[in-house]
Amino acid sequence: MATISSILSPNLLQPHPTKHLATQQPQPSKLSLPTLKSHPHPQISTQFSVLHLGSNTKGLRRVAAVAEETTSVTAEAERRLYVGNIPRKIGNDELRRIVEEHGAVEKAEVIYDKYSGRSRRFAFVTMKTVEDANAAVEKLNGTQIEGREIKVNVTEKPLTSLDLPSLQTEESQFIDSPHKVYVGNLAKTVTTEMLKNFFAEKGKVLSAKLTRAPGTSKSRGFGFVSFSSEEDVEAAISSLNNALLEGQKIRVNKA
């Protein structure tokens, strides 16, 4: 009778070594990084670029719209004139006729007090071009209307790299004090130095500053003056509230 060992294959009776088992593990994929590099797929890259651009179209349009709007606002500001110290009886039509002698006018608007209805002695005139605005400033600033010397300048110009350091210095040099007044209804032509000198006649002024529209050198029409004592504050308020500075009555009260 044949034995089991004689029937079975000798290979089946021998134990399987570890090395042999290892060879039975799945082989790694032949698709490797070098393979991808050597076989690029340009069509995939092209599709991605187109899709990426398409997904940002709205954003690009939004950026373009904001840029266009900003440019438009800046261009209008450069055409808009402030005209100060005008006689009270000068109205929109008459002011327009005066300015039109030096350039094309788009709009002229005298500013009136909402309570009394009286002219506040200043106006804004929008010219049709920047060249017209510059010509009007050159020809009209410092001239007289019915014996009053008028002030004419561009209302707002964007800050330049030269403006910024000087304004930052002006702000940093302001000496704050508990003895301080608020000064309102300032003409656009009033400077920090002018404000300081005006109040120095009534007390010992430590410092003065104008408040400006963010990102521009344009005065917002009010400022602050600091003094060395409370007596100086009281003297400034009693003497200079409703006083004329650059043709406008200023408001002075404790800050």
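Owing to the predicted nature of the structure, the values given are computational and were not obtained by experimental measurement.

Caption draft 1: Inspection of unusual backbone geometry at higher detail. One non-glycine residue, Asn85, lies in the positive phi region at around 65°. Within the secondary structure, Asn85 sits in the loop between β1 (80-84) and α7 (92-100). For Asn85, a relative accessible area of 11% gives the class buried. Positive phi values are uncommon outside glycine, yet Glu246 reaches one of about 55°.

Caption draft 2: Structural view of the sheet that holds β1. Taken together, the 4 strands give an open sheet; going across it, the order is β2-β3-β1-β6, and neighbouring strands pair in antiparallel fashion. Both edges of this open sheet fall to β2 (105-112) and β6 (151-154), since each of them pairs with a single strand only. Strand-to-strand twist across the sheet, computed as the mean angle between neighbouring axes with direction ignored, equals 20°. Taken together, the 4 bridges between β1 and β6 define a ladder with antiparallel strand orientation. Its bridge partner being in β6, Gly84 is matched across the sheet by Lys151. Across the sheet, α7 touches β1, β2 and β3 (119-127), and the angle it forms with β2 is around 135°. Contacting β1, β3 and β6, helix α8 (residues 130-140) runs over the sheet at an angle of about 155° to β6.

Caption draft 3: Highlighting α8. For α8, the full list of buried residues reads Asp132, Ala133, Ala136 and Leu140. Taken around the axis of α8, the buried residues stretch over an arc of 100°, which confines them to a single face. Turned more than 90 degrees off the buried face of α8, the exposed positions are Glu131 and Glu138. Packing partners of the buried residues in α8 comprise β1, α7, β3 and β6. Positive phi shows up at Gly142, right after α8, with a value of about 90°.

Caption draft 4: Expanded view of the side chain of Arg121. Assignment of secondary structure puts Arg121 in strand β3. Beyond its immediate sequence surroundings of up to four residues, Arg121 is in contact with Val83, Gly84, Asn85, Ile86, Pro87, Arg88, Ile111, Arg148 and Gly247.

Caption draft 5: Structural view of the sheet that holds strand β9 (residues 219-227). Spatial strand order, β8-β9-β7-β12: 4 strands in an open sheet with antiparallel pairing. For this open sheet the edge positions go to β8 (205-212) and β12 (251-254), each flanked by a neighbour on one side alone. Strand-to-strand twist in this sheet, taken as the mean axis angle between neighbours without regard to direction, amounts to 20°. With 5 bridges connecting them, strand β7 (residues 180-184) and β9 associate as antiparallel partners. Each residue of the ladder has a partner; that of Val181, found in β9, is Val225.

Caption draft 6: Structural context of the packing of aromatic side chains. Evaluated as defined, the whole model comprises 8 aromatic pairs. Their ring planes at 35° and their centres at 5.9 Å tell us that Tyr82 and Phe122 sit as a pair that is tilted. Taken as a pair, Tyr82 in strand β1 and Phe122 in strand β3 lie far apart in primary sequence, 40 residues in all. Judged by its relative accessible area of 1%, Tyr82 is buried. By relative accessible area, Phe122 is classed as buried at 8%. A ring pair is formed by Tyr182 and Phe224, whose centres lie 6.0 Å apart and whose planes are at 65°; its orientation type is edge-to-face. Taken together, the residues Tyr182 in strand β7 and Phe224 in strand β9 connect sequence positions 42 residues apart. Exposure remark for Tyr182: the relative accessible area of 21% places this residue in the partly exposed category. Through pairs of rings, three or more aromatic residues link up here, namely Tyr82, Phe122 and Phe124. A cation over a ring is seen here: Arg80 above Phe124, with NZ or CZ 4.2 Å from the ring centre. Positioned over the ring face of Phe224 is Lys180, at 5.7 Å from the centre of the ring.

Caption draft 7: Focus on the environment of Ile98. Structurally, Ile98 is set in helix α7. With 47 residues separating them along the chain, Ile98 and Ile145 place their C-alpha atoms 9.3 Å apart. Contact partners of Ile98, with chain neighbours within four places excluded, come to Leu140 and Ile145.

Calculation notes
- Residues numbered from 1 in each chain as written.
- Predicted model: local features only at pLDDT ≥ 70, side-chain atom pairs only at ≥ 80, totals over all residues.
- Heavy atoms only, no water.
- Helix = DSSP H or I, 4+ residues; strand = E, 2+ residues; numbered from the N terminus.
- Buried < 20%, exposed > 50% of the residue type's maximum accessible area, 1.4 Å probe, protein only.
- Pairing = 2+ DSSP bridges.
- Axes fitted to C-alpha atoms, helices over the stretch in contact; angles between N-to-C directions.
- Contact = heavy atoms within 4.5 Å.
- Arc of directions from axis to C-beta.
- Phe/Tyr/Trp six-rings, centres within 6.5 Å; stacked < 30°, edge-to-face > 60°.
- Lys NZ or Arg CZ within 6 Å of the ring centre and 35° of its normal.

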